Amino acid sequence: MSEEIIIARETENLTGSVRIGGAKNSALKLVAAAILGQGASTLHNVPRISDIDIMADVIRSLGGTVERQGETLIVDTTNATGYETPYELVSKMRASISVLGPLIGRFGHARVAMPGGCNIGARKIDLHLKVLQSIGVQFVNDHGYLYASSPNGLHSAEVYLDFPSVGATENMLMASVVVEGTSVIDNAAREPEIVDLANMLNAMGCKVEGAGSPTITITGVPLESLHPCEHTTVADRIEAGTFLAAGALMGGPLTVEGIDPSFLRMALMKLTDMGCSVETTEDSITVSRTEPLRPVDIQTLPHPGFPTDLQAQFCLLCAMADGTPVITENIFENRFMFAYELNRMGSDITVEDHHAIVHGVKSLQGAPVSCPDLRGGAALVIAGLAAEGETRIHDLHHIDRGYDNYVGKLQSLGANIERLSI
């Protein structure tokens with residue numbers, strides 16, 4: 001049976017410009033939100049990635065239709081009558097739990113298989129359930145499925161999240177927009193993707209205020225008053241950060257276009273601290289470096305802190321810096337699997353609990369490696385471009401979950417890289 005691999009060869013530099021696509025972590029939830037529109041919603045700037053294909057199949061399994069026209073998806077949920085998501089789809093992708101909120105909002109009940117996705121930690125959905133229980137949802141866990149119902153009807157509530165969970169914030173938003181009264185989410189997630197979802201919900205006729213701040217207020221409207229809409233997905237800050245890390249490692253100058261620099265404020269601060277030059281416009285960021293990388297400590301935190309989805313890419317930068325920085329992972333407990341693969345290429349990283357102690361090395365050597373997860377896989381490809389010789393990267397399905405034409409975009413920047421079947 002053939003396997004697709006990426007072969008990355010030693011590359012002198014990466015230079016030029018690359019346009020950033022729509023955000024994976026936003027587009028997935030926008031597709032789910034279309035369930036509430038009860039018609040054909042048009043979503044622009046949707047990346048061509050496997051996770052989107054899976055979410056489209058989830059919508060189809062519910063009785064809706066999804067049609068792609070270039071970077072645009074037309075999601076029609078007019079005839080969506082199903083409320084159960086099949087295990088074979090949900091097990092492939094954690095974000096499929098995002099249909100829980102809109103299914104409850106539209107039908108008052110749902111049956112959703114427990115989610116899968118990258119193996120980077122338990123990522124329990126307790127907070128999702130807690131916030132939905134606060135508005136009257138009852139749950140039964142039955143043979144790997146969650147059955148949600150609201151036998152006494154839904155009611156507004158004020159909830160305080162123990163942790164600013166993106167998923168819990170999103171599910172609460174999508175369930176409560178049609179609940180009579182005013183609901184409040186305190187300590188809400190503040191990511192740009194939350195703002196994007198709120199903007200789409202408002203375009204459908206919902207009343208959401210405060211997205212992007214710690215307190216979100218939702219004034220419920222009747223379900224029948226909601227309608228489909230047209231919406232453009234916000235740019236992918238993690239894709240942008242990945243290419244910026246590549247530019248910082250190789251030297252640049254490398255420009256990412258179509259991204260709001262405020263989405264990456266903390267990451268840009270770290271690049272500057274590491275000795276890079278960072279220049280920004282309203283919708284672009286350019287990174288370059290002429291001096292050796294400087295070590296910096298990093299700890300991942302909810303937005304606007306340092307993104308956990310950029311931890312592996314910046315761990316790679318630290319691995320090539322002169323010093324011993326410490327990287328602390330506060331979001332997911334298993335997200336250092338990337339370090340073990342990078343050590344196969346000559347890095348010197350020691351993992352202790354949720355800390356990685358990185359001893360900088362002068363060079364990396366090409367080696368066969370496997371993608372442990374989505375972001376770690378993307379970082380290993382960049383490492384292969386900086387390493388001596390040739391690096392073969394396996395298990396590309398992880399990368400395909402979140403990067404649209406990753407190899408092609410790197411080639412456009414001068415990377416000596418190819419993707420082929422073996």
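Our structure is the block above this text.
In this convention, every chain numbers its residues from 1, walking through the sequence in written order. Note on the predicted model: pLDDT of at least 70 is required for a residue's local features to be given, and 80 or more for side-chain atom pairs to be given and counted; whole-chain, interface and lining totals, by contrast, use all residues. Heavy atoms from the whole structure form the basis of all side-chain values; hydrogens and water molecules are not counted.

(A) Region of interest: the overall build of the protein chain. From N to C terminus, the protein chain includes 14 helices and 24 strands. For the radius of gyration, the atom set is restricted to C-alpha positions; the globular benchmark scales as 2.2 Å times the number of residues to the power 0.38. Compactness check: the protein chain gives a C-alpha radius of gyration of 21 Å against a globular reference of 22 Å for 422 residues, within 12% of the reference. Its C-alpha atoms give the protein chain principal-axis dimensions of roughly 65 × 45 × 45 Å. Accessibility here uses a 1.4 Å probe with only protein chains present; expressed as a share of the type maximum, an area under 20% marks a residue as buried, one over 50% as exposed, and anything in between as partly exposed. Buried residues in the protein chain amount to 58% of all 422 residues. Contacts are assigned to residue pairs that have any heavy atoms within 4.5 Å of one another. Taking all contacts inside the protein chain whose residues are at least 6 apart in sequence as the whole, residues at least 24 apart take part in 72%. Approximately 15700 Å² of the protein chain is accessible, and the part contributed by carbon and sulfur atoms is 47%. For this count, His and the chain ends are skipped, Lys and Arg are scored as positive, and Asp and Glu as negative. Where a charge lies is defined by one atom per residue type: Lys uses NZ, Arg uses CZ, Asp uses CG and Glu uses CD. With 29 positive and 50 negative side-chain charges, the protein chain shows a separation of 1 Å between the mean positions of the two kinds. Helix and strand assignments follow DSSP, with helices taken as H or I runs no shorter than four residues and strands as E runs no shorter than two, numbered in order from the N terminus. In these tables, accessible area is a Shrake-Rupley quantity obtained with a 1.4 Å probe, and a residue counts as shielded only by the protein chains included in the view.

(B) Summary view of the sheet that holds strand β2 (residues 16-19). Pairing is mixed in the open sheet, where four strands are placed in the order β2-β15-β17-β16. On the outer flanks of this sheet lie β2 and β16 (277-281), each paired with one strand and no other. The mean inter-strand angle of the sheet, taken between neighbouring strand axes irrespective of direction, is 15°. In this structure, strand β15 (residues 254-257) lies alongside strand β17 (residues 284-288), joined through four bridges in antiparallel fashion. Any two strands with at least two DSSP-identified bridges between them are counted as paired. Only C-alpha atoms enter the line fits that serve as axes; for helices the fit covers just the stretch in contact. Angles between N-to-C directions range over 0 to 180 degrees.

(C) Local environment of the environment of A211. Here A211 lies in the loop between β12 (207-209) and β13 (215-219). In this structure, the C-alpha to C-alpha distance between A211 and V195, residues 16 residues apart in sequence, is 5.1 Å. Excluding residues within four positions of it along the chain, A211 makes contact with I194, V195, A198 and I216.

These figures come from the coordinates and say nothing about function on their own.
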